[in-house]
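Architecture and fold: a report
Residue strings, one per chain:
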Amino acid sequence: MDHDILALLGDVRSVAARPGCHVEPADHNGLTRGGLAEYHALRHEAFVDRQGLFDRHDLDDRDTDPRTVVLVARDAAGTVLGGVRLGPVDDGPDLGWWQGGRLVVAPGSPRGTGTALVRAACARAESEGALRFEATVQARHERMFGRLGWSTVRPVTVAGTDHVLMRWPIGRIAALARSAKGSLGPLLRGLTGVPGFVGDDGVPVPGSDLVAACDAIVPSMVERDPEWAGWCSVLVNVNDLAAMGAEPVALLDALGARDASFASRVLSGLRRASTAYGVPVLGGHTQFGVPASLSVTALGRTADPVPGGGGVAGQRVWLTADLSGHWRPGYTGRQWDSTSGRRTPELRDLVGAVARARPAAAKDVSMAGIAGSLGMLAEASGCGAVLDVASVPRPVAATVGDWLTCFPGFAMLTAGAPAPAQAAVTAACGELVPGSGVTLRWPDGELTPAVTGGVTGLGES
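Report on the accompanying structure. Going along each chain's sequence as written, the residues are numbered from 1 onward. Where local features are concerned, this predicted model is filtered to residues with pLDDT of at least 70; where side-chain atom pairs are given and counted, the filter is 80 or more; whole-chain, interface and lining totals use all residues. Computation of side-chain values covers all heavy atoms of the structure but excludes hydrogens and water.

Moving on to the overall build of the chain. Strands here mean DSSP runs of E at least two residues long; helices mean DSSP runs of H or I at least four residues long; both are numbered from the N terminus. Of the regular secondary structure elements, the chain holds 15 helices and 21 strands. In terms of overall dimensions, the chain has a C-alpha envelope of 80 × 55 × 40 Å along the principal axes. In what follows, residue pairs with any heavy atoms lying within 4.5 Å of each other are defined as contacts. Across the chain, the fraction of contacts at a sequence separation of at least 24, relative to all contacts at a separation of at least 6, is 75%. Note on areas: Shrake-Rupley, 1.4 Å probe, and residue coverage restricted to the protein chains presented here. Taken as a whole, the chain presents about 20500 Å² of accessible surface, with 55% of it coming from carbon and sulfur.

A separate point is the packing of helix α11 (residues 260-277) against helix α12 (residues 344-351). The convention used is that axes are lines fitted to C-alpha atoms, helices contributing only their stretch in contact, and that angles between N-to-C directions extend from 0 to 180 degrees. Put simply, α11 and α12 touch, their axes get as near as 8 Å, and they point 75° apart. In terms of orientation, α11 lies roughly perpendicular with respect to α12. Listed contacts from α12 to Thr-275, Ala-276 and Tyr-277 of α11 are Thr-344, Leu-347, Arg-348 and Val-351. Lys, Arg, Asp and Glu make up the charged group, whereas Ala, Val, Leu, Ile, Met, Phe, Trp, Tyr, Cys and Pro make up the nonpolar group; the residues left over, Gly among them, are polar. The residue makeup of the contact of α11 with α12, split by class, is four nonpolar, two polar and one charged. Each angle gets one of four labels, with under 35 degrees taken as roughly parallel, over 145 as roughly antiparallel, 65 to 115 as roughly perpendicular, and the rest as oblique.

Glancing now at the nonpolar core. Within this scheme, the nonpolar core is defined by two criteria: the residues are buried Ala, Val, Leu, Ile, Met, Phe, Trp, Tyr or Cys, and they are joined through side-chain atoms within 4.5 Å. Accessible area is worked out with a 1.4 Å probe on protein chains only. A residue is then buried under 20% of its type maximum, exposed over 50%, and partly exposed in between. Within the largest apolar cluster, 65 residues are counted, with the highest numbers of intra-cluster contacts made by Phe-133, Trp-150, Leu-319 and Leu-387. Grouped together as the second largest cluster of nonpolar side chains are 49 residues, Ala-276, Phe-407, Phe-410 and Ala-424 included.

The criterion for a disulfide is a pair of cysteine sulfur atoms lying within 2.5 Å. Evaluation of the coordinates by the stated rule reveals zero disulfides. This cysteine, Cys-214, is not joined by any disulfide, and Cys-232 carries the nearest cysteine sulfur, 15 Å off. Since its relative accessible area comes to 52%, Cys-214 is described here as exposed. Unpaired in terms of disulfides, Cys-429 finds its nearest cysteine sulfur in Cys-406, a separation of 14 Å. With relative accessibility at 0%, the residue Cys-429 sits in the buried group.

The next point concerns the environment of Pro-155. Tracing the sequence through the fold places Pro-155 in strand β6 (residues 151-158). As a C-alpha pair, Pro-155 and Thr-136 span 19 residues in sequence and 8.9 Å in three-dimensional space. Non-local contacts of Pro-155, meaning those with residues more than four positions away in its chain, are made with His-163 and Val-164.

Next up on the list: helix α5 (residues 113-127). To estimate the expected span of a helix, subtract one from its residue number and multiply by 1.5 Å. Between its first and last C-alpha atoms α5 spans 21 Å; for 15 residues at 1.5 Å apiece the expected length is 21 Å, and the two agree. Taken together, the buried positions of α5 are occupied by Thr-113, Gly-114, Thr-115, Leu-117, Val-118, Ala-120, Ala-121, Cys-122 and Ala-125. Backbone geometry just after α5 places Gly-129 at a positive phi near 90°.

This next bit is on the pairing of strand β19 (residues 425-433). A regular strand places its side chains on the two faces of the sheet in alternate fashion. The pairing of strand β13 (residues 316-321) with β19 spans six bridges and is classified as antiparallel. Note on β19: the bridge partner recorded for Leu-319 is Ala-427. Taken together, the four bridges between strand β17 (residues 384-388) and β19 define a ladder with antiparallel strand orientation. In the strand pairing of β19, Val-386 is matched with Glu-431. Note on pairing: two strands pair once DSSP finds at least 2 bridges between them.

Taken in spatial order, the seven strands of this open sheet run β16-β18-β13-β19-β17-β20-β21, and their pairing is mixed. In this open sheet, the two strands that pair with only one neighbour each are β16 (361-364) and β21 (447-451). Strand-to-strand, the axes of this sheet are offset by a mean angle of 30°, without reference to chain direction. The pairing of β13 with strand β18 (residues 411-415) spans five bridges and is antiparallel. When the bridges of β18 are listed, Thr-320 appears paired with Met-412. The sheet contacts of helix α10 (residues 226-243) involve β16 and β18, and relative to β16 the element is tilted by about 175°.

The next subject is the packing of aromatic side chains. Aromatic ring pairs are defined here through the distance separating the ring centres and the angle between the ring planes. Aromatic rings from Phe, Tyr and Trp, taking only the six-membered ring of Trp, are treated as a pair when their centres fall within 6.5 Å; an angle between ring planes under 30 degrees marks them as stacked, one over 60 as edge-to-face, and anything in between as tilted. If you walk through the whole model with that rule in mind, you get seven aromatic pairs. A centroid spacing of 6.5 Å and a plane angle of 55° characterise the contact between Trp-97 and Trp-442, whose relative ring orientation is tilted. Of the two residues, Trp-97 is situated in strand β4 (residues 97-105) and Trp-442 in the loop between β20 (438-441) and β21; the sequence distance between them amounts to 345 residues. With respect to class, Trp-97 is no different from Trp-442; both count as buried. Connected via pairs of aromatic rings, a cluster forms that spans Phe-133, Phe-145, Trp-150 and Trp-168. Just above the ring of Trp-97 sits the side chain of Arg-132; from NZ or CZ to the centre is 3.9 Å. Remark: a charge is flagged as sitting over a ring if the NZ atom of Lys or the CZ atom of Arg is within 6 Å of the ring centre and within 35 degrees of the ring normal. If you follow Arg-224 out to its NZ or CZ, it ends over the ring of Tyr-331, 4.8 Å from the centre.

These figures come from the coordinates and say nothing about function on their own.
Take a look at the structure:
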């Protein structure tokens, strides 16, 4: 149908370039068009009958793992031309380490069928939250995978035949860090200036025991979900003070709204959060007849603020995270709501964790996610960091890819000492190391880059 429309529009080039197949998931339960049996038959013909890689069959435990995904390529008539399988490597919880395999294409299939399957597998793995995606590829296909962007890791042997382990580069963490924080260094040069606290979540006010923090909420979020935006305007500022070991004492807000009715919705969320955290709003500014906007300034007190850049290479890194709650409706994979259902004593206990622990360095997990925020702590400390993927506390409902790149409600990274709280889970999940950037360490000891170089460009604090 789409190609008929293109032809009617005179788009001859697109019609001529139309793919010879389309890729879709194979059905395991017979509810749609199936394809699994056809895929297995193609595998048997290729790997058992024709290539002799296996004696009787090429089936293994991955084929019976319910998490395994099979993608098949079909022609216009619906005939299965080939397929590929992919899924988590480990038998335990999905750690975001996926592997593809058993790629097969029927002889005589249209050119590009194998390429389409590989590209679809990469897209599916990333959509499932994978941060590491690999495949053992027959050596003769190494160049094809290389042209598609895969990198060779090392030679391996499978079924007595030369293969290479290849890895698809997943840049999700780096892309988030770059978009959220990457421009800060050049923009803020000369505007931030308290020695030892450059790039921190808040800033000590010289000559006092005050710490100030200021955060704005994305205008589209204010427009779309005003009550939640009001809540978050308090949440993010209180967390910024908490990262410095400061007790929050007061808030000021600046609100832009199209009318009083809309403003009341934003302020209802702000008022509810102010009450829940026990931090009063002392004043601010409200303007009507303008596009939605919201920013809040928070003031806290501490005589000895904890810096975000106080870590040194060799120190362990800890994460304290509130794993309760759920994805905020409309923000699945991006914003985890662990705070709106908490009582005031629980929230105050969370906020006081860093002040009680007095670690060498602390960083509130911001919109750069866990890995990106760790990169900010490491950058400010003049070093790099390694994050143990399997040791990061994580809610069951969140994939590793989502959890390491979302805003988690309350999550605090500390170096040198843990900062536990009763309502949270605390775990050692890495260390600071010489160098720069953030590297992910996997259960097999493999290291993969997450962020190369500094996150903000602000440098050592």
